Amino acid sequence: MTDNDDILTITHSASGASFAVHKFGATVISYKSADGRENLFLSSTAKLDGSKAIRGGIPQVFPIFGPPTDAGSTMPQHGFARQNMWTVKEGSQHDSAEHAGIALTLNLADASAGRGENNTWSVDNAKKDGTDCRLTLDIKVDSASLTTILIVENTGSDAFNFNCLQHTYFAVDGNAAQDPTKCYVHGLGGYSVIDKVDSANDGKVASHDEDIDLTPGEVDRVYVHPEEKHSSLSVKIGVGGGGEGEGKTVKMEAMGEIDESPVPVSCVVWNPYIEKAKAMGDFTDEQYKEMICVEPGLLGHQPVLNPGKEARFTQIIFA
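The residue count restarts for each chain, going from 1 along the sequence in the order it is written. Local features in a predicted model are, by the rule used here, given only for residues with pLDDT of at least 70; side-chain atom pairs are given and counted only at 80 or more, and totals for whole chains, interfaces and linings are based on all residues. Side-chain figures throughout are based on the complete set of non-hydrogen atoms in the structure, without hydrogens or water.

**Points about the pairing of strand 1 (residues 7–11)**
Inference 1: Being paired, for any two strands, means DSSP has found at least two bridges between them. We count a stretch as a helix when DSSP gives it H or I for four or more residues in a row; a strand needs E for two or more, and each element gets its number in order from the N terminus. Where strand 1 lies against strand 2 (residues 18–22), five bridges are found, and the strand directions are antiparallel. Following the sheet pairing, Thr11 is matched in strand 2 by Ser18.
Inference 2: Hairpin geometry of strand 1 and strand 2 is characterised by an intervening segment of six residues between the two adjacent antiparallel strands and by a positive phi of about 90 degrees at Gly16.

Structure below.
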């Protein structure tokens, strides 16, 4: 990892577990558990100079997921949260017997990049409509887990819709991301599928006993929460390592709430495979073997956020 004044490393002294967060996008770029294992993938060619969103770690996606849907909007894919420099919240850094952590914030007025034109969040429209917000990312590490909580506060005079997602890149040991015995996602049974690679899978419902594997080829699927209230997500992720039929697993949980009411959580599973890996300038040709993205999100199946209210979206990685 390069030396950079914008990268903050926080260590839990009691356990030795640590994380590093880049102020650009409030992107967590490393999580080392107490056993010393690096649990997050960061591309070896990721841009850490603020010139573009960081490829790897846990980018924060807000206020849209994917490309814009507003007619004529020029907001870049996944919104502005990952495109701007955040500020450390005064007094937030700590290291106690229970955990260590820090918080970073971004006010809409300070988001100089990524808002685009012809949408709710563009400078002119936000000023006219009274749209405003403050984002806070609260990060904590302890002996067993890393917790990232995205807090969205409506500080304006108008309600707004939003998507948010924690675009988590998990490191896969032994280049095993295309080995279904070692790299998989378990726990999405009952979720309906939006498959961006194979439309024949759209609308299917994942089996309750099915492991979602990544072999062979590109995977880009959105697993939409079941129709019944499903305000938390819990998955087990195979991340390589071990002998035949064995391997390392991590657990990820996520939950969301708007104005203290639980809201459903969906999940994206992504691996670019060969051709898309080659097409990315900040990702080497073979690195698709080293990672799997498992990304919890609030993807539009929730009420608007009213003025003076807040939303909280939590991800916990147990490693």
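Here the narrative resumes, following the displayed structure.
**Here we look at the packing of aromatic side chains**
Inference 1: The criterion for an aromatic pair is that two Phe, Tyr or Trp rings (for Trp, the six-membered ring) have centres within 6.5 Å, with stacked assigned to planes under 30 degrees apart, edge-to-face to planes over 60 apart and tilted to the rest. Throughout the structure, instances matching the rule amount to 10 aromatic pairs.
Inference 2: Ring geometry for Phe160 against Phe162: centres 6.2 Å apart, planes inclined by 70 degrees, an arrangement best described as edge-to-face.
Inference 3: Given the relative accessible area of 2%, Phe160 is considered buried.
Inference 4: Burial status follows relative accessibility: with a 1.4 Å probe on protein chains alone, a residue under 20% of its type maximum counts as buried, one over 50% as exposed, and anything between as partly exposed. With relative accessibility at 4%, the residue Phe162 sits in the buried group.
Inference 5: Of note, Lys251 hangs over the ring of Phe318, and the distance from its end group to the ring centre comes to 5.9 Å. Placement of a positive charge over a ring is assigned whenever Lys NZ or Arg CZ falls within 6 Å of the ring centre and within 35 degrees of the normal to the ring plane.

**Structural notes on the side chain of Arg221**
Inference 1: Within the secondary structure, Arg221 is located in strand 15 (residues 219–224).
Inference 2: N or O atoms closer than or at 3.5 Å make up a polar contact, with two conditions inside protein: a donor-capable atom paired with an acceptor-capable one, and, for residues adjacent in sequence, both atoms drawn from side chains. Reaching out from Arg221, the side chain makes a polar contact with the side chain of Asp195 at a distance of 3.4 Å.
Inference 3: Within the structure, the side chain of Arg221 is placed 3.1 Å from the side chain of Tyr223, a separation counted as a polar contact.

**Some thoughts on unusual backbone geometry**
Inference 1: Following Phe62, the chain continues to Pro63 via a peptide bond in cis, the omega torsion being 0 degrees.
Inference 2: Within the secondary structure, Pro63 sits in the loop between strand 4 (60–61) and strand 5 (87–88).
Inference 3: In this model, Asn118 sits at a positive phi of 60 degrees, which is unusual for a non-glycine residue.
Inference 4: Looking at the element boundaries, Asn118 is found in the loop between strand 7 (100–107) and helix 1 (123–129).
Inference 5: Overall, Asn118 belongs to the partly exposed group, its relative accessible area being 47%.
Inference 6: A positive phi angle, close to 50 degrees, is found at Asp259, a residue other than glycine.
Inference 7: Following the sequence through the fold, Asp259 ends up in the loop between strand 17 (249–258) and strand 18 (261–263).
Inference 8: Note on Asp259: relative accessible area 38%, which makes it partly exposed.

**Focus: the pattern of salt bridges**
Inference 1: Salt bridges are identified by distance alone: a Lys or Arg side-chain nitrogen within 4 Å of an Asp or Glu carboxyl oxygen. Under the definition given, this model contains 12 salt bridges.
Inference 2: Note that Asp282 and Arg55 form a salt bridge whose closest N and O atoms lie 3.2 Å from each other. Here Arg55 lies in the loop between strand 3 (27–32) and strand 4 and Asp282 lies in the loop between helix 2 (273–279) and strand 20 (291–298), a separation of 227 residues in the sequence. The same class applies to Asp282 as to Arg55, namely buried.
Inference 3: Residues Glu153 and Arg134 are paired through a salt bridge, measuring 3.3 Å at the closest nitrogen-oxygen approach. Here Arg134 lies in strand 8 (residues 133–141) and Glu153 lies in strand 9 (residues 145–154), a separation of 19 residues in the sequence.
Inference 4: The partly exposed category is assigned to Glu153, whose relative accessible area is 22%.
Inference 5: Note on Arg134: relative accessible area 31%, which makes it partly exposed.
Inference 6: Overlapping salt bridges bring together Lys52, Arg55 and Asp282 as one network.

**Overview of the environment of Ala177**
Inference 1: Counting through the fold element by element, Ala177 comes out in the loop between strand 11 (169–171) and strand 12 (183–186).
Inference 2: Note: C-alpha distance between Ala177 and Ser15 (162 residues apart in sequence) is 29 Å.

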